[in-house]
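# Understanding the architecture of this molecule
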Amino acid sequence: MAQFRAKVLDLGGYANTRIVRDHTKRKIVEQFEAERQGLRYLIRNTQLPQRTRAQAQLKLSQMHAYTRPTQIRNRCIEGGKARGIFREFRMSRGWSGGGGGEGRGETRRKW
């Protein structure tokens, strides 16, 4: 991961280890997306010789794990939590309270 770590993070506010790792993975996936798509096209193209397809498959399998889009996990941008995330806001249930903006530690709502 050190090879991909940015010197300066362009994160807005609070950053813990999970948030930094998620941010790094998102940047790397975006950076290598075109190359991965090209290799996947070569692998699936049955018109090409088998040797070319095998070389593309080998190159794709040797790429770093952070270049895979499946490595990205929806995390809360405030606390880094990985569960209970609202996709539209990238916030967890605990942070997206509403009303008073209590944030962490708010009591459970009763309807």
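Conventions and cut-offs
- Residues numbered from 1 in each chain as written.
- Predicted model: local features only at pLDDT ≥ 70, side-chain atom pairs only at ≥ 80, totals over all residues.
- Heavy atoms only, no water.
- Helix = DSSP H or I, 4+ residues; strand = E, 2+ residues; numbered from the N terminus.
- Buried < 20%, exposed > 50% of the residue type's maximum accessible area, 1.4 Å probe, protein only.
- Contact = heavy atoms within 4.5 Å.
- Core = buried A, V, L, I, M, F, W, Y, C linked by side-chain atoms within 4.5 Å.
- Polar contact = N/O pair within 3.5 Å; in protein donor to acceptor, adjacent residues only side chain to side chain.
- Salt bridge = Lys/Arg side-chain N within 4 Å of Asp/Glu carboxyl O.

## Here we look at the overall build of the chain
- Helices and strands together make up the secondary structure of the chain, namely two helices and two strands.
- Walking the chain from its N terminus toward its C terminus, one meets helices and strands in the order α-α-β-β.
- In the chain, buried positions account for 24% of the 111 residues.
- For the chain, the share of sequence-separated contacts (at least 6 apart) that also reach a separation of at least 24 residues comes to 43%.

## Some remarks on the nonpolar core
- Core analysis: the largest hydrophobic core is formed by five residues, namely Leu39, Ile43, Ala56, Leu60 and Met63.
- Contact partners of Ala56, with chain neighbours within four places excluded, come to Leu39, Leu42 and Ile43.

## Some thoughts on the side chain of Thr67
- Relative to the elements of secondary structure, Thr67 occurs in the loop between helix H2 (50-61) and strand E1 (85-86).
- According to the relative accessible area criterion, Thr67 is buried, its value standing at 2%.
- Within the local environment of Thr67, its side chain forms a polar contact with the side chain of Arg36, the two groups lying 3.4 Å apart.
- Discounting residues that sit within four places of it in the chain, Thr67 has contacts with Ile28, Val29, Phe32 and Arg36.

## Here's the deal with the pattern of salt bridges
- Taken as a whole and assessed by the stated rule, the structure comprises two salt bridges.
- Taking the shortest distance from any N to any O, the salt bridge between Asp22 and Arg26 comes out at 3.0 Å. Here the residue Asp22 and the residue Arg26 both occupy positions in helix H1 (residues 17-44), the gap between them amounting to four residues, near one helical turn.
- For Asp22, the salt bridge goes to Arg90, with nearest N and O atoms at 3.5 Å. On the criterion of sequence distance, the pair formed by Asp22 in helix H1 and Arg90 in the loop between E1 and strand E2 (91-92) is long-range, its members being 68 residues apart.
- For Asp22, a relative accessible area of 7% puts it in the buried group.
- Linked through salt bridges whose partners overlap, the residues forming this network are Asp22, Arg26 and Arg90.

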